[in-house]
Amino acid sequence: MRILIVDDSSTMRRIIGNVVMQLGFAKDDFDEAEDGVKAWKLLCESHYDVILTDWNMPNMNGLDLVKKTRGEGAHQKTPIIMITTEGGKGEVITALKAGVNNYIVKPFNAEILKEKLDGVLKK
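Everything in this summary refers to the structure shown in the same document. (Residues numbered from 1 in each chain as written. Predicted model: local features only at pLDDT ≥ 70, side-chain atom pairs only at ≥ 80, totals over all residues. Heavy atoms only, no water.)

**Remarks on helix H2 (residues 36-45)**
For H2, the complete set of buried residues consists of Gly-36, Ala-39, Trp-40, Leu-42 and Leu-43. Viewed along the axis of H2, the buried residues span an arc of 160°, placing them on a single side of the element. H2 presents Lys-41, Cys-44 and Glu-45 as exposed residues on the side facing more than 90 degrees away from its buried surface. Buried-residue contacts for H2 involve strand S1 (3-6), strand S2 (30-33), strand S3 (50-53) and helix H3 (62-71). The backbone nitrogen of Val-37 lies 3.0 Å from a side-chain oxygen of the residue at the head of H2, namely Asp-35. (Buried < 20%, exposed > 50% of the residue type's maximum accessible area, 1.4 Å probe, protein only. Helix = DSSP H or I, 4+ residues; strand = E, 2+ residues; numbered from the N terminus. Arc of directions from axis to C-beta. Contact = heavy atoms within 4.5 Å. Polar contact = N/O pair within 3.5 Å; in protein donor to acceptor, adjacent residues only side chain to side chain.)

Shown next as structure tokens:
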């Protein structure tokens, strides 16, 4: 199982990574990127089973990354969970229309991430 964690905050990447490890994954099971540009480079080079991405990032934001991932490349069907502070109904609908499989509003806990991960991986 390979996971890609995309967030411009190194603290948030570490928190998400720690939660992923609490869920039984090893440090070697996930890669990190600080923006959509770096994430896209990793997606072009490797296989991932799930993408966890923030929305608000420099260079290429999470929504643009989702659109690019859904539109081209080998990860068009890869489950994507958006983890963001953008919690408005409009933002959730926009993200779902762009192709995210699930949505988590920060702050969150390990239980919420586990539930969302289980949900997208059982499809």
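Structure's up, so let's keep going.
**Focus on the environment of Lys-116**
One can find Lys-116 in helix H5 (residues 110-121). Between the C-alpha atoms of Lys-116 and Ile-104, which are twelve residues apart in sequence, the distance is 8.0 Å. Not counting residues up to four positions away in its chain, the partners in contact with Lys-116 are Ile-81, Asn-102, Tyr-103 and Ile-104.

**Looking at the nonpolar core**
Judged by nonpolar contacts, the single largest core of 21 residues is most densely connected at Leu-4, Val-6, Leu-43, Leu-65 and Met-82. Top element by residues in this core is H2. It accounts for four residues. Not counting the four nearest positions on each side in its chain, Met-82 is found in contact with Thr-53, Asp-54, Trp-55, Gly-62, Leu-63, Val-66, Ala-95, Val-100, Asn-102, Tyr-103 and Ile-104. Listed in part, the 17 residues of the second largest apolar core include Ile-3, Val-50, Ile-81 and Ile-104. (Core = buried A, V, L, I, M, F, W, Y, C linked by side-chain atoms within 4.5 Å.)

**Details of the side chain of Asp-54**
With respect to the element layout, Asp-54 can be found in the loop between S3 and H3. Here Lys-106 takes part through its side chain, which lies 3.5 Å from a polar atom of the side chain of Asp-54. For Asp-54, the contacting residues outside a window of four places in its chain are Val-6, Asp-7, Asp-8, Gly-62, Met-82, Ile-83, Thr-84 and Lys-106.

Keep in mind these values describe shape, not function.
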